[in-house]
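# Residue-level structural notes
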Amino acid sequence: MSEFKVQHRDGEGVSVIDLRGYLDAHTAPDLENAFQKLLNEKKFNIVVNCKDLSYISSAGLGVFMAFIEDVRKNQGDIKLTNMSPKVYNVFDLLGFPILYEIYKDELEAVKKFGERR
Amino acid sequence: MPPTSTRRENPSSDILPLFEFSNVVNSSLDLKFILGTVLLTVMGKMLVSKGMVLLKRERGSFEIVNAKGLDPQLIGQPVSIDKPMRTITAVDRIAPDGREWVGFFKSHEQKLLIPIVTQRHVAGFLTLGGRFAGRAFSRTDKQLINSLVNLSGSAIEKALMIDRLKEANRNLDRKFQELNTLFDLSKEFNVVLDADKVIRLLTFSLLGQIGVNRYAICLNEHGSLKIVASRLDAPMGSLDVLRQICFLKTAELTEDLAKQKKFRQTAEELRKLRIEVVIPMQIQNQVKGAILLGERLRGGSYNAGDLEFLYSLANLAIISVENARLFHETLEKQRMEDELAIAREIQQGLLPRTLPQIHRFDIAASNIPSKQVGGDYYDVVTISPNEYVFVIGDVSGKGTGAALLMANVQASLRAFAPMGLSLSEATSRINNLTCANTGQGKFITFFWGSLNLETRSFRYVNAGHNPPFLLRADGGVERLEIGGIILGLMQTVSPYPEGAVTLESGDLIVMFTDGVSEAMNARNEDFTEERLEQLLKQIRTLPAKQIISKIQEALDVYTRGTPQSDDITMLVLRAL
């Protein structure tokens, strides 16, 4: 099992969170902390890059749900990118594509934030 | 098979395109593509500008899945057609009596109804509007249309099957995902011993799996449900809701609750909060908590499968919450026991290990601490070969606090006793120190006396302690009660008066704490000082040690069947 890791980069008014490994009930609090930190710093334009994410459980998806309302209330958004088909399938099964913007590539998502401004 | 049996005026011009068409539709498994191709081919051949395809969804109900030349909003709309015809029929020829759908087709200018028959069942319809320039459909036209639709029949059937398999596959995927969630959580719950964390993980899983943003999770605390995590638009107006939830046996939809008379009010409250479903969390049929969920953001209502999943999840979580609670209770109990052990150690450390041998006096003492460790204390301090101080006291409260306060008093009395101060003066100082060192509500009943071997006088101060008995050799009984208020209540304003008695041979002083006089029997009655006095009169001539054991025996008999609630301490001094 690969270890879960949350990494955060800042650039051009958009914060990128890189996810790696298993995002499940055990590691969900790590992502929660990462989001909470961004919100505390008033950073609401968030891209989550799932390139190295190998598994996501519903507890992991729940973290996105827990923050999306506050983020959007502050004119921001959480956009997801670079999902493997396996990870996308879970998002799709639980109906997330209706609720979140999902892009093939991180740059695309970052650009979307740019267009709005 | 190609329509070799159908007679055509000019067969060669029709058969080739038919083959091509058959190849195209039969090489695809994409239902949308097949239906689109059939519809467009027929419309092209017949020069028709409006047409639709309907597929059977359930008995008597069809859904418009394709529409050309018509409002695209028609797609997805249901049309109920009972007893669907199995041959090509002109809409105008169908008697409209009671058939709403006839009017529907007419209103969209559909003239011809062509059934799509697979395995002898009507799987759907293709409908066509009027032909270009008002031309009618000839018999040959109808045969060609029939051929095209029949040719695509098996392709449609295959594609329908594939769609059904895909749907079944997706449902399996979803079930698998649900099981994964339960597995993921149970794995994590097993190692988490913190109820707050269990609730957070449960919340995340609910939000993710169900896709809700309005929720409340309640737990039973001291007999009633309390919200421990929530995101609601407004605070819950009435606590009655939570009270009523305790009567739920299974997961219930708010709309179903509204139909039951006793839950109608509750359902109304829940509806205001936009709560759509309530899931009780149970252990052995007792509601220990509940999950309340709002609408699903991705649409759709809660079905039986969802409720089943939620019920499993809820019960999994509550067991973990309960385990965490029990774990912390055990931990807390352990901590308290550890603290009591420390208190007992301090207290026992303060008591003298051996009593001094005093010429022509017989002394004995005992202390039996209660389970909670009270604040009893006794001491015999040697001031000089001619002078001894006897102390007995009782600190209010129990446990470490009482033990530490007693340690304080012991330190100050041992410091003051050899300084040559009068008992009165020393008592005042100890009181002032105690007042400075204790918080509100902590005080000490205290008695001490100084025995002079030369004069055989016993000077004493009683600061609110149970007055010791002085049993004279001639049979008289006196109480040593001269003194002042208990220590630690207020700074000394007037000096503590001293009492003095002279001890003749055979006189007996018995000092005791309220653990003796207030020892309780099974009927909650005190042993009382009167009963103690009666007993002392009977045993007064015994040696000091035996007096203590006789009192202890009497207490044991009196309190049989009840636990010892306070320390029992005695200090006995007999003049020989």
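Residues numbered from 1 in each chain as written. Chains lettered and ligands numbered in written order. Predicted model: local features only at pLDDT ≥ 70, side-chain atom pairs only at ≥ 80, totals over all residues. Heavy atoms only, no water.

Turning our eyes to something else, we now look at the overall build of chain B. When its secondary structure is counted, chain B shows 14 helices and 22 strands. Taking the intrachain contacts of chain B between residues at least 6 apart in sequence as the baseline, contacts between residues at least 24 apart amount to 63%. For chain B, the exposed surface amounts to about 29,100 Å²; the carbon and sulfur share of it is 52%. (Helix = DSSP H or I, 4+ residues; strand = E, 2+ residues; numbered from the N terminus. Contact = heavy atoms within 4.5 Å. Areas by Shrake-Rupley, 256 points an atom, 1.4 Å probe, with all protein chains shown as cover.)

What follows is about the packing of helix 1 (residues 28-40) of chain A against helix 2 (residues 58-73) of chain A. Residues and elements named next belong to chain A. At a minimum axis distance of 9 Å, the contact between helix 1 and helix 2 shows a crossing angle of 15 degrees. As the angle between them shows, helix 1 and helix 2 are arranged roughly parallel. Crossing hand, helix 1 versus helix 2: right-handed. Each of Ala28, Leu31, Glu32, Phe35, Gln36 and Leu39 in helix 1 lies in contact with helix 2, whose residues at this interface are Ala59, Gly60, Val63, Phe64, Phe67, Asp70 and Val71. Of the residues that constitute the contact of helix 1 with helix 2, the class distribution is nine nonpolar, two polar and two charged. (Axes fitted to C-alpha atoms, helices over the stretch in contact; angles between N-to-C directions. Parallel < 35°, antiparallel > 145°, perpendicular 65-115°, else oblique. Left-handed = near helix turned anticlockwise from the far one by under 90°. Nonpolar A, V, L, I, M, F, W, Y, C, P; charged D, E, K, R; others polar.)

Counting from both sides, the interface comprises 25 residues of chain B and, opposite them, 27 residues of chain A. Overall, the association of chain B and chain A removes approximately 2,300 Å² of surface from exposure, summing both partners, and the carbon and sulfur fraction of that is 52%. Inspection of the region where chain B meets chain A yields five salt bridges. Where chain B meets chain A, there are 13 residue pairs in polar contact (both at pLDDT 80 or more). Those elements giving two or more residues to the side of chain B that touches chain A turn out to be helix 4 (139-191) and helix 5 (195-210) of chain B. Here the element with the most residues in the side of chain B that touches chain A is helix 4 of chain B; it accounts for ten residues. Looking at the side of chain B that touches chain A residue by residue, the class counts come to six nonpolar, eight polar and eleven charged. (Buried area = accessible area lost by both parts, 1.4 Å probe. Salt bridge = Lys/Arg side-chain N within 4 Å of Asp/Glu carboxyl O. Polar contact = N/O pair within 3.5 Å; in protein donor to acceptor, adjacent residues only side chain to side chain.)

Here we come to the pairing of strand 21 (residues 508-512) of chain B. All names here are of chain B. Summarising burial for strand 21: five of the five residues are buried, a large majority. The two faces of strand 21 match: Leu508, Val510 and Phe512 on one face and Ile509 and Met511 on the other face are all buried. Pairing of strand 17 (residues 469-471) with strand 21, which is carried by three bridges, proceeds in the antiparallel orientation. Along strand 21, the bridge assignment pairs Phe469 with Val510. Sheet topology places strand 21 next to strand 22 (residues 568-575); five bridges connect them, and they run antiparallel. Paired with Leu508 across the bridge in strand 22 is Arg574. (Buried < 20%, exposed > 50% of the residue type's maximum accessible area, 1.4 Å probe, protein only. Pairing = 2+ DSSP bridges.)

Let us now look at the sheet that holds strand 3 (residues 45-56) of chain A. Residues and elements named next belong to chain A. Taken in spatial order, the five strands line up as 1-2-3-4-5 in an open sheet, and their pairing is mixed. The open sheet has two free edges, formed respectively by strand 1 (5-11) and strand 5 (101-103), since each of these has just one partner strand. With direction set aside, neighbouring strand axes in the sheet form an average angle of 25 degrees. In the sheet, strand 3 pairs with strand 4 (residues 77-81) via five bridges, with the strands oriented parallel. Looking at the pairing, Asn49 lines up with Thr81 of strand 4. Lying on the sheet, helix 3 (residues 85-93) is in contact with strand 3, strand 4 and strand 5; it crosses strand 3 at an angle near 110 degrees.

Moving on, we come to the packing of helix 3 of chain A against helix 4 of chain B. Between helix 3 of chain A and helix 4 of chain B, the least distance of the axes is 10 Å, while the angle of their chain directions is 95 degrees. On the basis of the axis angle, helix 3 of chain A is roughly perpendicular to helix 4 of chain B. Two secondary-structure elements touch here, helix 3 of chain A through Asn89(A), Val90(A), Asp92(A) and Leu93(A) and helix 4 of chain B through Arg170(B), Asp173(B), Arg174(B) and Gln177(B). The residue inventory of the contact of helix 3 of chain A with helix 4 of chain B, partitioned by class, reads two nonpolar, two polar and four charged.

All names here are of chain A. Among the secondary structure elements, Val16 is positioned in strand 2 (residues 14-23). For Val16, a relative accessible area of 5% puts it in the buried group. Separated by 31 residues in the primary sequence, Val16 and Val47 have C-alpha atoms spaced 4.7 Å apart. Beyond its immediate stretch of four places on either side in the chain, Val16 contacts Gln7, His8, Arg9, Val47, Asn49 and Glu106.

What follows is about the sheet that holds strand 7 (residues 215-221) of chain B. Residue and element names in this part refer to chain B. With antiparallel pairing, the five strands of this open sheet are ordered in space as 8-7-11-10-9. Where the open sheet ends on each side, the last strands, each with one partner, are strand 8 (224-231) and strand 9 (252-253). Of the pairings in the sheet, the one linking strand 9 to strand 10 (residues 275-283) comprises two bridges and is antiparallel in character. Within strand 10, the residue paired with Leu253 across the bridge is Val277. Those strands touched by helix 5 are strand 7, strand 8 and strand 11 (286-294), and its axis lies near 150 degrees from that of strand 7.

In the predicted model, chain A carries a mean pLDDT of 89, and 96% of its residues have values of at least 70. When mean pLDDT is compared element by element in chain A, strand 4 of chain A scores highest at 95, while strand 1 of chain A scores lowest at 76. (pLDDT = per-residue confidence, 0-100.)

With that settled, the discussion passes to the nonpolar core. The tendency in soluble globular proteins is for nonpolar side chains to be buried side by side. In terms of nonpolar packing, the biggest core is built from 69 residues, with Phe35(A), Val48(A), Phe64(A) and Leu293(B) touching the most fellow members. Top contributing element to this core by residue count: helix 2 of chain A, with nine residues. Setting aside its immediate chain neighbours within four residues, Phe35(A) contacts Ile17(A), Ile46(A), Val48(A), Val63(A), Phe64(A), Phe67(A) and Ile78(A). Residues Val389(B), Phe390(B), Ile392(B) and Phe458(B) belong to the second largest nonpolar core, which totals 45 residues. (Core = buried A, V, L, I, M, F, W, Y, C linked by side-chain atoms within 4.5 Å.)

Our next topic: the pattern of salt bridges. As enumerated under the stated definition, the model contains 35 salt bridges over all chains in all. A salt bridge links Lys43(A) to Glu41(A); the nearest nitrogen and oxygen atoms lie 3.1 Å apart. Of the residues examined, Lys43(A) reaches a relative accessible area of 26% and is grouped as partly exposed. Exposure remark for Glu41(A): the relative accessible area of 36% places this residue in the partly exposed category. A salt bridge links Asp70(A) to Arg231(B); the nearest nitrogen and oxygen atoms lie 3.3 Å apart. In this pair, Asp70(A) sits in helix 2 while Arg231(B) sits in strand 8, so the two residues belong to two different chains.

Below, the discussion takes up unusual backbone geometry. With the exception of glycine, the majority of residues adopt a negative phi angle, and the majority of peptide bonds are in the trans configuration. All names here are of chain B. Its identity as a non-glycine residue notwithstanding, Arg456 has a phi of 55 degrees, on the positive side. With relative accessibility at 11%, the residue Arg456 sits in the buried group. Phi at Asn524 takes a positive value of approximately 65 degrees, unusual for a residue other than glycine. Mapped onto the fold, Asn524 is located in the loop between helix 12 (514-517) and helix 13 (529-539).

Now for the packing of aromatic side chains. Taken as a whole, this structure holds 16 aromatic pairs over all chains when the rule is applied. Here the aromatic rings of Phe469(B) and Phe512(B) are separated by 5.8 Å at their centres, their planes lie at 20 degrees, and the arrangement is stacked. In this pair, Phe469(B) sits in strand 17 while Phe512(B) sits in strand 21, placing the two residues 43 residues apart along the sequence. With respect to class, Phe469(B) is no different from Phe512(B); both count as buried. Three or more aromatic residues joined by ring pairs make a cluster, and in this case those are Phe35(A), Phe64(A), Phe67(A), Phe91(A), Phe96(A) and Tyr100(A). Cation over ring: Arg72(A) sits above Tyr100(A), and NZ or CZ is 5.6 Å from the ring centre. Over the face of the ring belonging to Phe527(B) we find Arg531(B), whose NZ or CZ atom lies 5.9 Å from the ring centre. (Phe/Tyr/Trp six-rings, centres within 6.5 Å; stacked < 30°, edge-to-face > 60°. Lys NZ or Arg CZ within 6 Å of the ring centre and 35° of its normal.)

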